[in-house]
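Coordinates in review
Each chain, written out:
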Amino acid sequence: MSEKLKSLQQYLEKMNRFNHVANLLYWDLRTVAPKEGFERHADAMTYFSTEAFQMGTSEELGSLLAELSVPEEYEKLDDKWKFVVKKMKEDYDRDKRIPKELYERFVRAQAESEHAWEEAKNTSDYAVFAPHLKEMIALTKEITAYTDPDKEVYDALLNQYEEGMDSATIDHIFGELKKELVPLVEQILAAKEPDDSKFHGSFDVDAQAKVQKMLLDYIGFSWEKGAVGTTEHPFTLNFSSKDVRITNHYYEDMPISSMFSAIHEGGHAIFEQNVNPEYDGTIAGSCRYMGLHESQSRFYENVLGRNKNFWLPIYEKLGELLPQFKEITLDEFYREINHVRNSFIRTEADELTYCFHIIIRYEIEKAIFREGVSVEELPALWNRKMQEYLKITPANDAEGILQDMHWSGGSFGYFPSYLLGSIYDGMYLEQIEKDLGSIDTILAEGRILEITKWLNEKIHRFGSTRTPKETLSAVCGKEVTAEPIIRYFKEKYTKVYGLEK
Ligand code: ZN
């Protein structure tokens, strides 16, 4: 191995230690740290993450990457290090183009904006958040002009979260989905609604935690390489492929919520746990593409978890852990986990109307960055779109435009990732059935781990080394298309709701 590569490795090892501690403090803060210990914890966390950030943007790292990028050095690298050096250099050059003063202004504005958003949401007062949102949009435009001078700003933002994606492609695939989904949902809502009275009541939270354990075991989460915690909002955090943590939130009156959060975060975790361990400690070792990541969590949550056959081998066990479920038939449960209704909150939406929640946000982001729609006009635009797609109007902005935190932190262009994930899922489903046979049969026979193994081999082990586009091409042999997910939606819901074909 060349001396230069050895220097880079040593540099990364040191940087990883700072990141590791910062991550550990973050985990502790969110899961168990007592309120009064917050300040010292946050202070230490800021110290370690700032150190890591500075190492990631230092002159020393810049010259190491430049030296390794010279053709004669670069050609000596193996595939893994070729990827790492190339991507790190791209990221480094990109970040370096942002003037330090501008970056600091962004970080400060971001903290203030997130804080203002929280207050605005709690009091449902958009006016509190509006000036901050305006500032975040302006700063995002300014930064993007430095990072991606050759790209149109919204395309640059999309590309940051899902490499290779642009709005022309999204317009096309979301458009196809919209065309088919609008009449399908209309048909469903005109049909008889399932009775959900058995799902109201009080469900023991400790028992819900046991259900989570059972579900994670079932789908292939490794406890040797993972741990769980409880937080306000569920999330996944990974240290390396050998230590991936997930969290959940248990609501006494909503047992289904924690089951599906467990399966969703479990899907993210299974991805990270199964990345080639040789990639640990480098940017190849964790999936950096948000749509691709969501495609895994959503595959487990929706395509597998909302299939009746998924529950067939474990439904009795569920009744043993949560006795109320003994009184609920699998059919009733299946109807409820696929209960379609127009609702205000994205994170509580069913698999079908969820698509509209994302399309609304995507269209608004385009209106902001393409059409220059002002911040003052956004709540009305939001409500108009809710009426257009979901036929309901929020009573206030807290259950409308203020519900998600993404924009407050400057994450514009992130929302489409969720729906892209589902679109990829339709494609994987089609391919799995070609390779392994009917998914209904595999699930009904309790062979779900064969599906996990397929995903491990085809997608997970590559970490970040294959872009979403490369993944689809290698796994499904084609470019992104909404056609399979549309077929899946139509077939499934025609049956669930007994619709006329
Ligand atoms: Zn997710």
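Residues numbered from 1 in each chain as written. Predicted model: local features only at pLDDT ≥ 70, side-chain atom pairs only at ≥ 80, totals over all residues. Heavy atoms only, no water.

Taken together, His264 (NE2), His268 (NE2) and Glu294 (OE) make up the full set of protein donors to the zinc ion, lying 2.1 to 2.2 Å away. As a motif over one chain, the donors of the zinc ion read H-x3-H-x25-E. With His264 in helix α11 (residues 255-273) and Glu294 in helix α12 (residues 290-304), this residue pair connects regions lying 30 residues apart in the sequence. Here His264 and Glu294 have matching classes, each one buried. (Donors = N, O, S within 2.8 Å, 3.2 Å for Na, K, Ca; no water. Helix = DSSP H or I, 4+ residues; strand = E, 2+ residues; numbered from the N terminus. Buried < 20%, exposed > 50% of the residue type's maximum accessible area, 1.4 Å probe, protein only.)

Turning to a negative patch on the surface, a few remarks are in order. On the surface, Asp204, Asp206, Glu252 and Asp253 cluster together into a patch of negative charge. Mapping Asp204 onto the fold places it in the loop between α9 (167-190) and α10 (205-219). For Asp204, a relative accessible area of 44% puts it in the partly exposed group. (Patch = residues over 30% accessible without salt bridge, like charges linked within 9 Å, V, L, I, M, F, W, Y side chains within 5 Å. Areas by Shrake-Rupley, 256 points an atom, 1.4 Å probe, with all protein chains shown as cover. Salt bridge = Lys/Arg side-chain N within 4 Å of Asp/Glu carboxyl O. Lys, Arg positive; Asp, Glu negative; His and termini not counted. Charge placed at Lys NZ, Arg CZ, Asp CG, Glu CD.)

Attention now moves to the pattern of salt bridges. Two side chains carrying opposite charge are able to pair once their charged atoms lie near each other. Counted according to the given criterion, the structure contains 40 salt bridges. The partner of Glu142 in a salt bridge is Arg105, with the nearest N and O atoms 3.3 Å apart. Taken as a pair, Glu142 in helix α7 (residues 126-147) and Arg105 in helix α6 (residues 100-123) lie far apart in primary sequence, 37 residues in all. Here Arg487 and Glu483 are joined by a salt bridge, their closest N and O atoms 2.7 Å apart. You can see Arg487 and its partner Glu483 sitting in helix α22 (residues 483-496), 4 residues apart, about one turn around the helix. What makes Arg487 partly exposed here is its relative accessible area of 33%. Classification of Glu483 by relative accessible area gives partly exposed; the value is 39%. A single network of salt bridges, built from pairs that share partners, joins Lys86, Lys87, Glu90 and Glu163.

On to the packing of α12 against helix α18 (residues 416-436), then. Taken N-terminus to C-terminus, the directions of α12 and α18 make an angle of 65°; their axes are 7 Å apart at the nearest point. For the element pair α12 and α18, the recorded crossing hand is right-handed. Of α18, the residues touching α12 (which contributes Met290, Gly291, Leu292, Glu294, Ser295, Gln296, Arg298, Phe299 and Val303) are Ser417, Tyr418, Gly421, Ser422, Tyr424, Asp425, Tyr428, Leu429 and Ile432. Residues of the contact of α12 with α18, tallied by class, amount to 9 nonpolar, 6 polar and 3 charged. (Axes fitted to C-alpha atoms, helices over the stretch in contact; angles between N-to-C directions. Left-handed = near helix turned anticlockwise from the far one by under 90°. Contact = heavy atoms within 4.5 Å. Nonpolar A, V, L, I, M, F, W, Y, C, P; charged D, E, K, R; others polar.)

At their nearest, the axes of α18 and α22 sit 7 Å apart, and the two run at 80° to each other. With respect to each other, α18 and α22 are oriented roughly perpendicular. On the side of α18, the interface is formed by Ser422, Ile423, Gly426, Met427, Leu429 and Glu430, while α22 contributes Pro484, Ile485, Arg487 and Tyr488. Of the residues contributing to the contact of α18 with α22, the split by class is 6 nonpolar, 2 polar and 2 charged. (Parallel < 35°, antiparallel > 145°, perpendicular 65-115°, else oblique.)

What follows concerns the environment of Asp93. Structurally, the position occupied by Asp93 is in helix α5 (residues 79-96). With 407 residues separating them in the primary sequence, Asp93 and Glu500 have C-alpha atoms 56 Å apart.

Buried accessible area, meaning the area lost when the parts come together, often serves as the stated size of an interface. As assigned here, the protein comprises domain 1 (3-150) and domain 2 (167-496). Contacts between domain 1 and domain 2 engage 34 residues on the former and 41 residues on the latter. Between domain 1 and domain 2 we count 2 salt bridges in total. On the surface where domain 1 and domain 2 come into contact, there are 12 residue pairs in polar contact (both at pLDDT 80 or more). Only α1 (3-31), α5, α6 and α7 provide two or more residues apiece to the side of domain 1 that touches domain 2. Tallied by class, residues from the side of domain 1 that touches domain 2 come to 17 nonpolar, 8 polar and 9 charged. (Domains from an automatic or database assignment. Polar contact = N/O pair within 3.5 Å; in protein donor to acceptor, adjacent residues only side chain to side chain.)

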